[in-house]
Amino acid sequence: MQIRLILLDFDGTLADTRKANTQAYVATLRKAGYTLSEEEYEARYFGMRCDEFLQDLGINDPIKREHIRLRKIACYPDFFNSVRINQPLWDFCCQFRAQGGRVWIVSTGSRANIEHVMCHLGIGGPDTPTESCPNGRVDGILSGTDVMHSKPAPDCFIEAMRRENCTPQETLIFEDSAIGIEAARRSGAAYFKVKF
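Described below are features of the structure shown in this document. (Residues numbered from 1 in each chain as written. Predicted model: local features only at pLDDT ≥ 70, side-chain atom pairs only at ≥ 80, totals over all residues. Heavy atoms only, no water.)

## Topic: the packing of aromatic side chains
The condition that has to hold: Aromatic rings from Phe, Tyr and Trp, taking only the six-membered ring of Trp, are treated as a pair when their centres fall within 6.5 Å; an angle between ring planes under 30 degrees marks them as stacked, one over 60 as edge-to-face, and anything in between as tilted. Note on conventions: DSSP H or I runs of at least 4 residues are helices, E runs of at least 2 residues are strands, and numbering of each starts at the N terminus. Per-residue accessibility, obtained with a 1.4 Å probe over protein chains only, is compared with the maximum for each type, and a residue is labelled buried under 20%, exposed over 50%, and partly exposed between these values.
Overall, the coordinates contain seven aromatic pairs when judged by the stated rule. Measuring from ring centre to ring centre gives 4.8 Å for Y25 and F53, while their planes differ by 80 degrees; the resulting arrangement is edge-to-face. Here the residue Y25 occupies a position in helix α1 (residues 18-31), and F53 occupies one in helix α3 (residues 50-56), the gap between them amounting to 28 residues. Each member of the pair, Y25 as well as F53, carries the same accessibility label: buried.

## What about the sheet that holds strand β7 (residues 190-193)?
What counts is decided by this rule: At least two bridges found by DSSP between two strands is the condition for calling them paired. Note on definitions: angles span 0 to 180 degrees between N-to-C directions of axes, and those axes are lines fitted to C-alpha atoms, for helices only across the stretch in contact. Any two residues having at least one pair of non-hydrogen atoms within 4.5 Å are treated as being in contact.
Strand order in the open sheet formed by five strands is β5-β4-β1-β6-β7, with parallel pairing between adjacent strands. Lying at the two open borders of the sheet, with one neighbouring strand each, are β5 (140-142) and β7. When strand polarity is set aside, the average angle formed by the axes of neighbouring strands in this sheet is 20 degrees. Bridge count between strand β6 (residues 171-175) and β7: four bridges; the pairing is parallel. Its bridge partner lying in β7, I173 is registered against Y191. Relative to the sheet, helix α5 (residues 87-98) contacts β1 (5-8), β4 (102-106) and β6, its axis offset from that of β1 by approximately 150 degrees.

Laid out in structure tokens, this is it:
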């Protein structure tokens, strides 16, 4: 069966945002009175939904978690000097789209964070004006809040397939994290593990 749909995880797969994400969270938490090292964030929390990560850190007040999340989004662009695109993967996706395929970003990250980085990289979403995406575009974006259960549940991948009317056999997933790979496996689609 022919592949019609590519689903890309964002952080760590299409874009190397590890350092920027880490530094933004560490700086935001420090301002809120919490101590977290870059090493601890990368080892324990990178790839988790913000709300789950902050709860695991012991921040139980939902209002405080939301305040921290919004502050992190606001300061995230301050650290974009370390962000880079996975150029070989992106070139492959652009060629795939040029031949009629569809490409989606499917991430547990927040849509605002994803869109900020995409803008920085010159990549557009489905509604981005052409002049704002000199490096190409994707056909859709699913973020962490678009499904009930986050990775390692396969919900996000299954929802993207549903929206494109594609079967798992017509879908190819690119992921980097253990939880993402498990979600891809459980979706029934073929997948590749990406190492930046």
